[in-house]
Amino acid sequence: MNYKDLIAIDVHTHAEVSSRQPADVLWQPFEDAASVYFKTGKRPTIADTIAYYRERKIGLVMFTVDSEFEIGSRRISNEEIAEAAAANSDIMIAFGSIDPHKGRLGVREARELIRSSGVKGFKFHPTVQGFFANDRMAYPLYEVIAEHKLTATFHSGHSGIGTGMPGGGGLRLKYSNPMHLDDVAADFPDMTIIIAHPSWPWQDEALSVCLHKPNVYIDLSGWSPKYFPPQLVHYANSQLKRKVLFGSDYSVLTPDRWMKDFKDAGFKPEVHPLILKENAIRALRLDHTGGATARG
Ligand SMILES: [Zn+2]
């Protein structure tokens, strides 16, 4: 990623519409309910999304969410996203998503994605994947990520997916308490962990884990900065100013909207560049990649 040419790096965007496979009918009610919750319209294709970011000179990390075990809907393929990232490597990074329930086959897929497709991290969603992040079942996957010093992003807090559906779509919020990530951060100090979103109703847990573990970051995606809990803004302005990252959760929230509201959300002017870009360069080790290549 040529981060020097970018005004910001959005560490949290979703692959919404594939150009290779039809939308999954089983996923439709979840998407419809989420669209009501987030007040979103038509979902963009992967190509539309890249064009949006390119126009604005914003870098992006994109991923699908593999919930094939808990929800049973087919994911967009990790390869499609990785190929788009390779073709747009000046602005885009691909993360993979593998349901930890896939066991050894999932571990094998993770290795292949890192080796052949150049993915730089993995996205987990404990609620839609139906697991606690500190479940030993997921540890073989984390071992692969840690071995390559890559990033694992975990959804945290309330979930727009399932909101308003009968029984919340059968999904369980308890899995997304960020305190479970404390075990993961302790056991995998070489793996960068991003706690995604303001973690309401567990915001203080997320701040505590992020403060305690150097390998843990927080992304500010999924909520307009207008509605951030005050303690999140307080820590982002002080002790955690180098640990907090810009993310939108595109396409349910756009960078245009996020950045407009960010200006007036009480963040000190000197932390704006840290949050928008500098912290992501360090968290994703973007500067190391260049150095390693230069040294051969
Ligand atoms: Zn998300």
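The structure under discussion appears in the preceding block.
Note that the structure is predicted; figures quoted are calculated from it, not measured.

**What to know about the packing of helix α10 (residues 255-262) against helix α11 (residues 272-283)**
Phase 1: Their axes nearest at 11 Å, the elements α10 and α11 cross at an angle of 150 degrees. Between α10 and α11, the angle is such that the two are roughly antiparallel. Of the two possible hands of crossing, α10 and α11 adopt the one that is right-handed. Here Trp 258, Met 259 and Phe 262 of α10 lie close against α11, whose contacting residues are His 272, Ile 275 and Leu 276.
Phase 2: For the contact of α10 with α11, a count of residues per class yields five nonpolar, one polar and no charged.

**Observations regarding the pairing of strand β7 (residues 216-219)**
Phase 1: Residues Val 216 and Ile 218 point to one face of β7 and Tyr 217 and Asp 219 to the other, with burial holding for every one of them.
Phase 2: By the bridge criterion, two bridges tie β7 to strand β8 (residues 244-245) in an arrangement that is parallel. Note that in β8 the partner of Asp 219 across the bridge is Leu 245.
Phase 3: Where the polypeptide runs from β7 across helix α9 (residues 230-237) and back to β8, its parallel neighbour, the crossover connection is right-handed.

**Focus on the side chain of Asn 78**
Phase 1: Within the secondary structure, Asn 78 is located in helix α3 (residues 78-87).
Phase 2: Those residues within four positions of Asn 78 in sequence are excluded, and the remaining contacts are Thr 64, Phe 95, Gly 96, Ser 97, Ile 98, Glu 109 and Leu 113.

**A word on the side chain of His 197**
Phase 1: Note on placement: His 197 falls in the loop between β6 (192-196) and α8 (203-212).
Phase 2: At 3.1 Å, the side chain of His 197 forms a polar contact with the side chain of His 155.
Phase 3: Every residue in contact with His 197, bar those within four places of it in the chain, is listed here: His 12, His 155, Ser 156, Ile 218, Asp 219, Ser 221, Gly 222 and Asp 249.

**Details of unusual backbone geometry**
Generally, phi is negative for residues other than glycine and the peptide bonds are trans, each holding for most cases.
Phase 1: The omega torsion across Trp 200 and Pro 201 is 5 degrees, close enough to zero to call that bond cis.
Phase 2: Looking along the chain, the bond that leaves Tyr 250 and enters Ser 251 is cis, with omega of 15 degrees.
Phase 3: With respect to the secondary-structure elements, Ser 251 resides in the loop between β8 and α10.
Phase 4: Of note in this structure, His 197 is not a glycine but carries a positive phi near 80 degrees.

**Things to note about a positive patch on the surface**
Phase 1: Where like charges cluster on the molecular surface, the positive patch consists of Lys 241, Arg 242, Lys 268 and Arg 282.
Phase 2: Within the secondary structure, Lys 241 sits in the loop between α9 and β8.
Phase 3: A relative accessible area of 31% means that Lys 241 is categorised as partly exposed.

**A word on the sheet that holds strand β2 (residues 58-63)**
Phase 1: Overall, parallel pairing links the three strands, which are arranged β1-β2-β3 in an open sheet. Every interior strand has two partners, whereas the edge strands, β1 (8-14) and β3 (92-94), have only one. Pairs of neighbouring strands in the sheet enclose a mean axial angle of 20 degrees, with direction left out of account.
Phase 2: Sheet topology places β2 next to β3; three bridges connect them, and they run parallel. Counterpart to Met 62 in the pairing with β3 is Ala 94.

**Some remarks on the sheet that holds β7**
Phase 1: Pairing within the open sheet is parallel, and its five strands lie in the order β4-β5-β6-β7-β8. Since the sheet does not close on itself, it has two edges, and those belong to β4 (121-124) and β8, each with one partner.

**Regarding the nonpolar core**
Phase 1: Core analysis: the biggest nonpolar cluster contains 69 residues, and Tyr 142, Trp 258, Phe 267 and Ile 275 have the highest contact counts within it.
Phase 2: Those residues within four positions of Ile 275 in sequence are excluded, and the remaining contacts are Leu 220, Ala 236, Val 244, Leu 245, Phe 246, Trp 258, Phe 262 and Phe 267.
Phase 3: Val 11, Tyr 217, Ala 280 and Ala 283 belong to the second largest nonpolar core, which has 15 residues in total.

Parameters and conventions
- Throughout this description, residue numbers start from 1 for each chain and increase along the sequence as written.
- Restriction of local features to residues with pLDDT of at least 70 applies here, the model being predicted, together with a cutoff of 80 or more for giving and counting side-chain atom pairs; totals for whole chains, interfaces and linings are based on all residues.
- To get the side-chain values, all heavy atoms of the structure are used, and hydrogens and water are removed first.
- In this analysis an axis means a line fitted to C-alpha atoms, helices contributing only their contacting stretch, and an angle means the value between N-to-C directions, from 0 to 180 degrees.
- Runs of H or I in DSSP of at least four residues are treated as helices and runs of E of at least two as strands, each being numbered from the N terminus.
- To sort the angles, those under 35 degrees are grouped as roughly parallel, those over 145 as roughly antiparallel, those from 65 to 115 as roughly perpendicular, and the leftovers as oblique.
- Crossing handedness: left-handed means the near helix sits turned counterclockwise from the far one by under a right angle, and right-handed means the same turn made clockwise.
- Residues are treated as being in contact if the distance between any of their heavy atoms lies within 4.5 Å.
- Just so you know the grouping, Ala, Val, Leu, Ile, Met, Phe, Trp, Tyr, Cys and Pro go in nonpolar, Asp, Glu, Lys and Arg go in charged, and all remaining residues, Gly too, go in polar.
- Buried means the residue's accessible area, taken with a 1.4 Å probe over protein chains only, is under 20% of the maximum for its type, while exposed means over 50%, and partly exposed covers the values in between.
- Pairing between strands is defined by DSSP: at least two bridges between the two strands are required.
- For a crossover, the right-handed case is the one in which the path from the first strand over the helix to the second runs clockwise, viewed with the strands pointing away from the viewer.
- Pairs of N or O atoms are called polar contacts if they sit within 3.5 Å, as long as, within protein, a hydrogen donor faces a hydrogen acceptor (for residues adjacent in sequence, only side-chain-to-side-chain pairs).
- In this scheme, patches are assembled from residues that exceed 30% relative accessible area and form no salt bridge. Like charges are connected within 9 Å, while nonpolar side chains (Val, Leu, Ile, Met, Phe, Trp, Tyr) are connected within 5 Å.
- Areas reported as accessible are Shrake-Rupley estimates using a 1.4 Å probe. Residue values count occlusion only from the protein chains shown.
- By definition here, a salt bridge exists when the distance from a side-chain nitrogen of Lys or Arg to a carboxyl oxygen of Asp or Glu is within 4 Å.
- Asp and Glu are treated as the negative residues and Lys and Arg as the positive ones, with His and the ends of the chain left uncounted.
- Lysine's charge is taken at NZ, arginine's at CZ, aspartate's at CG and glutamate's at CD.
- Here the nonpolar core consists of buried residues drawn from Ala, Val, Leu, Ile, Met, Phe, Trp, Tyr and Cys, with membership extended through side-chain atoms lying within 4.5 Å.

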